[in-house]
Structures are given as structure tokens and as C-alpha cells.
Amino acid sequence: MARLNMPHGLPDILAPHLDVLFCGINPGMTAATTRHHFAGNSNRFWRVLHLAGFTPEQIIPEQDRTILRYGYGLTTVVQRPTASADQLSPEEFVAAAAGFRRKLRRQAPRMLAFLGKAGYAGLSAQRDIAWGMQAVRMEGAAVWVLPNPSGRNRAFNLDQLVHAYRELYLAIGQRGQ
């Protein structure tokens, strides 16, 4: 019975041929409950996206669908919400892989930006992952790995996040936008 009150995931925000599809690991509980991406009070995604140049103003989570106006979309690797991504098992990434790849083939984004190494590691089975552009493509999309903007990620301050995201913003501009 308690399961009926559990959040049921988070809807993707997608369109065909996006410039960048930003990909979180899985929904946090606040995002899943509100049904809006990066809704947690400590999450820095929307602020970083704006400061890095992706959007002319800072989007609020309740208006997350407006990200499509700028040629960007949002998804997660695993759909199950958790309080922390470390609650996911390796088997959940394996189970999500085929559906995730189908989504990529159907939507055909130019660039796939993983927010943190865990999502990319879970799909690629790679362990030694560098930040930034990856050497391989995934279903035709160039792959980029960015630091996770979660407030729990204390390894990166706001300026470091903005710098990393700005590198992607500049890279997509140089690729014929």
C-alpha cells in the first residue's frame, strides 16, 4: 500500500534533433514528486545552465519544458526515483540500457550530455571516464560528461560547474549551430 504514495518517475522533455540532450542519472525524490526536473532546492542545474550561456534567463523547475525553446532536452538514464543515486544497482543501469538507446535513436540529439560520470559509466561499462567530450558516440550522438550539478556534489563549486558547462556550450556553437 505504501508504494501507491511513491513518486512514479519524471517525464522526459524531448523533441527530435535537439542540440543537447542533458541526461541525469535518475530522478531525485523532489523532482519525481513535483514532476519537474532539478526541482530540489540545492540543485544548481538551472542556475549553471543560465550562467554558462545556454539560456538567456534562469529557468525555474516549474517551467522546465521551456528548455525546448533553446534546442535542449532532459532525460534520465534510470527512471526510478531515489533520495541518492548511490541507491541504484548496476542491474538497474543494465535494465535501462536498451530503452535508453531506443530513445536516443528515436530523438537523434546532436549531443548527449551526462550529468555526472555515474550515468555514463552505468551504460558504457567504462570506469576510467574523463570530463568533457568522449571518444565514442552513442547512437549517433556525440557524448559529453559534465559534473553533476546536485547540491550534494561538493567536489565542484558554482564557478567550476559554470566553466565545465560553458565548454560544452562553446563546443556546440563551434559544431555548426
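Before any of the text, the structure's been laid out above.
Every value quoted in this text rests on a predicted model; they were computed, and no experiment measured them.

Asks: For this particular structure, what's the right way to read the nonpolar core?
Replies: It is characteristic of soluble globular proteins that their nonpolar side chains tend to be buried jointly. Of all hydrophobic cores here, the largest spans 28 residues; its most connected members are Phe22, Phe45, Phe54, Ile67, Leu146, Tyr165 and Leu168. Of all the secondary-structure elements, those providing two or more residues to this core are β1 (20-24), α2 (45-51), β2 (72-76), β3 (111-115), β5 (141-146) and α5 (158-174). At seven residues, the largest contribution of residues to this core is made by α5. Leave out the neighbours within four places in its chain, and leucine 168 touches Val20, Phe22, Phe54, Met111, Ala113, Trp144 and Leu146. With 22 residues, the next largest nonpolar core counts Leu123, Ile129, Met138 and Val143 among its residues.

Asks: Got a minute to help me understand the sheet that holds strand β4 (residues 132-138) in this structure?
Replies: Hydrogen bonds between backbone groups are what pair the strands of a sheet, and the pairing can be parallel or antiparallel. Across the sheet, which stays open at both edges, the five strands sit in the order β2-β1-β3-β5-β4 with mixed pairing between neighbours. This sheet does not close on itself; its edge strands, each paired only once, are β2 and β4. Taken pair by pair, the neighbouring strands of this sheet meet at an average axis angle of 25°, ignoring direction. Against the sheet, helix α3 (residues 90-107) touches β1, β2, β3 and β4, its axis set at about 165° to β2. The sheet strands contacting helix α4 (residues 117-124) are β3, β4 and β5, and the helix crosses β4 at an angle near 30°.

Asks: Just to check I follow, could you spell out the packing of aromatic side chains for this structure?
Replies: For any two aromatic rings, the description comes down to two numbers: the centre-to-centre distance and the angle of the planes. Scanning the model with the defined rule gives 11 aromatic pairs in all. When the centroid spacing of 5.4 Å and the interplanar angle of 80° are considered together, the rings of phenylalanine 22 and phenylalanine 54 count as edge-to-face. Residue phenylalanine 22 is located in strand β1, and its partner phenylalanine 54 is located in the loop between α2 and β2; the two are separated by 32 residues in the primary sequence. Here phenylalanine 22 matches phenylalanine 54 in class, with each residue buried. Judged by centre distance (6.0 Å) and plane angle (70°), the ring pair of phenylalanine 22 and tyrosine 72 falls under edge-to-face. Residue phenylalanine 22 is located in strand β1, and its partner tyrosine 72 is located in strand β2; the two are separated by 50 residues in the primary sequence. Accessibility classification places phenylalanine 22 together with tyrosine 72 in one group, the buried group.

Asks: Can you help me understand the pairing of β5 in this one?
Replies: Taken residue by residue, a regular strand's side chains alternate between the two faces of the sheet. Burial analysis of β5 places six of its six residues in the buried class, the great majority of the element. Residues Ala141, Val143 and Val145 point to one face of β5 and Ala142, Trp144 and Leu146 to the other, with burial holding for every one of them. With five bridges joining them, β3 and β5 adopt parallel strand pairing. Its bridge partner lying in β5, methionine 111 is registered against alanine 142. Relative to β5, β4 runs antiparallel, the two being bridged by four bridges. Counted as the bridge partner of methionine 133 is tryptophan 144 from β5. In this structure, the hairpin formed by β4 and β5 is closed by a connection of two residues, where glutamate 139 is found at a positive phi of approximately 50°.

What counts, and where the lines are drawn
- Residues numbered from 1 in each chain as written.
- Predicted model: local features only at pLDDT ≥ 70, side-chain atom pairs only at ≥ 80, totals over all residues.
- Heavy atoms only, no water.
- Core = buried A, V, L, I, M, F, W, Y, C linked by side-chain atoms within 4.5 Å.
- Buried < 20%, exposed > 50% of the residue type's maximum accessible area, 1.4 Å probe, protein only.
- Helix = DSSP H or I, 4+ residues; strand = E, 2+ residues; numbered from the N terminus.
- Contact = heavy atoms within 4.5 Å.
- Pairing = 2+ DSSP bridges.
- Axes fitted to C-alpha atoms, helices over the stretch in contact; angles between N-to-C directions.
- Phe/Tyr/Trp six-rings, centres within 6.5 Å; stacked < 30°, edge-to-face > 60°.

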